[in-house]
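Each chain is listed here by its residues.
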Amino acid sequence: MNKISKDRVLAALVRTFFKYFLTGMMEGKDLNDTKAVKQRLLEYYEHISKIYNQEAFYAIARMNYEAEEIENALRKNPTNDMMQLVRIACRTEPFYNAMVEEYKRHFMFLLEGRLATTEEANRYTPCAEAGLMDEELALDIINRMAQNAYAKARKL
C-alpha cells in the first residue's frame, strides 16, 4: 500500500474542485477566454464557496477520519454551518489553514480568468504535520471531487 502526503492530496483536491467546477461553468465556452471566465465567475460567484464547502467536507473528512470517528466529532460539535463542518473535517488548525490558503490561491486564479498553471499548482501550501494517507484512497477522493464539482456546476 503506497502512501502520499495529505497536504499534497489537499492541494490536488482544491485544484481539482476549481478545475472541474470551472469546466462545468464554461461548458460550450472557451476555457482560455479570460473575459468569458470572469463573466461566468460573476454569474456563479455566490455558489462557489457553498458548493466547495459541501464537497470539501465529505472529501476532507474521508482523508482525516474513519467513519465512526467523524460521527463522534460531529456529535461533540453539532452545527449546520458548512465552514465549521469543513474545519472539523480538517481535524487540525494547521491543516484547515493550509486548505484555506489553497482555496484563496485558486480562487485568485479564477478572478484573473484562468486556472493555475502546473508550476503554480505545484507550489502548494505545505502542512508538515498533515501526515500520510493511502494513495488509492487519495485518488478515489480526488476523482469523486472532480465528478461532483463538474456535476454541481452543470446544474446551476
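Residues numbered from 1 in each chain as written. Predicted model: local features only at pLDDT ≥ 70, side-chain atom pairs only at ≥ 80, totals over all residues. Heavy atoms only, no water.

Chemist: Would you mind showing me how to read a nonpolar patch on the surface here?
Modeler: Judged by side-chain polarity, Tyr45, Met108 and Leu111 come together as a nonpolar surface patch covering roughly 310 Å² of accessible area. The exposure class assigned to Met108 is partly exposed, which follows from its relative accessible area of 47%. (Patch = residues over 30% accessible without salt bridge, like charges linked within 9 Å, V, L, I, M, F, W, Y side chains within 5 Å. Areas by Shrake-Rupley, 256 points an atom, 1.4 Å probe, with all protein chains shown as cover. Salt bridge = Lys/Arg side-chain N within 4 Å of Asp/Glu carboxyl O. Buried < 20%, exposed > 50% of the residue type's maximum accessible area, 1.4 Å probe, protein only.)

Chemist: What's the story with the packing of helix H2 (residues 34-64) against helix H7 (residues 135-155) in this structure? I'm lost.
Modeler: Axes are the key here: two packed helices are described by the angle between their axes and the distance separating the axes. Between H2 and H7, whose axes approach to 10 Å, the crossing angle comes to 165°. If you check the angle between H2 and H7, you find them roughly antiparallel. Pair H2 / H7 crosses with right-handed handedness. Contact residues: H2 offers Ile51, Gln54, Glu55, Ala56, Ala59, Arg62 and Met63, while H7 offers Leu137, Asp140, Ile141, Arg144, Met145, Asn148 and Lys152. Of the residues in the contact of H2 with H7, the class split is seven nonpolar, two polar and five charged. (Axes fitted to C-alpha atoms, helices over the stretch in contact; angles between N-to-C directions. Helix = DSSP H or I, 4+ residues; strand = E, 2+ residues; numbered from the N terminus. Parallel < 35°, antiparallel > 145°, perpendicular 65-115°, else oblique. Left-handed = near helix turned anticlockwise from the far one by under 90°. Contact = heavy atoms within 4.5 Å. Nonpolar A, V, L, I, M, F, W, Y, C, P; charged D, E, K, R; others polar.)

Chemist: Hey, could you run me through H2 in this one?
Modeler: Since the α-helix turns once every 3.6 residues, residues separated by three or four places project in the same direction. Between its first and last C-alpha atoms H2 spans 36 Å; for 31 residues at 1.5 Å apiece the expected length is 45 Å, and the helix comes up short by more than 12%. At Tyr44, H2 shows its strongest bend, of approximately 70°. (Expected span 1.5 Å × (residues − 1). Bend = angle between axes of the 7 residues up to and from the residue.)

Chemist: Looking at this structure, how should I read the environment of Asn2?
Modeler: By the secondary structure assignment, Asn2 is in the segment before strand E1 (3-5). Taking the C-alpha atoms as reference points, Asn2 and Met133, 131 residues apart in sequence, are found 8.4 Å from one another. The residues contacting Asn2, other than those within four sequence positions of it, are Met133, Asp134 and Glu135.

Chemist: Explain the packing of aromatic side chains here, please?
Modeler: For any pair of aromatic rings, the description rests on two quantities: the centre-to-centre distance and the angle between the ring planes. Enumeration according to the criterion identifies 10 aromatic pairs in this entry. Here the aromatic cluster, defined as three or more aromatic residues joined through ring pairs, consists of Phe17, Phe18, Phe21, Tyr45, Tyr52, Tyr103 and Phe107. (Phe/Tyr/Trp six-rings, centres within 6.5 Å; stacked < 30°, edge-to-face > 60°.)

Chemist: Sorry, what's going on with the side chain of Glu55 here?
Modeler: Tracing the backbone through its elements, the reader meets Glu55 in helix H2. If near-sequence neighbours (up to four positions away) are discounted, Glu55 is found in contact with Met145, Asn148 and Lys152.

Chemist: I tried to follow the pattern of salt bridges on my own but got confused; where do I start?
Modeler: Pairing between side chains of opposite charge can happen when the charged atoms of each approach one another. Scanning all chains against the criterion turns up 11 salt bridges. Across the pair Arg87 and Glu93 runs a salt bridge, and its minimum N-O distance is 2.6 Å. With a closest N to O distance of 3.7 Å, Lys104 and Glu101 form a salt bridge. Of this pair, Lys104 and Glu101 both sit in helix H5 (residues 93-111), separated by three residues, roughly a single helical turn.

Chemist: Help me understand the nonpolar core, please; the structure alone is not making it clear to me.
Modeler: Note that soluble globular proteins tend to have their nonpolar side chains buried in a common cluster. Phe17, Ile48, Ile60, Met63 and Met99 are the most contacted members of the largest nonpolar core, which has 50 residues in total. At the level of elements, helix H1 (6-25), H2, helix H3 (67-76), helix H4 (82-90), H5 and H7 are the ones that each hand at least two residues to this core. The greatest single-element share of this core, amounting to 13 residues, is contributed by H2. (Core = buried A, V, L, I, M, F, W, Y, C linked by side-chain atoms within 4.5 Å.)

Functional significance is not addressed by these values, which are geometric in nature.
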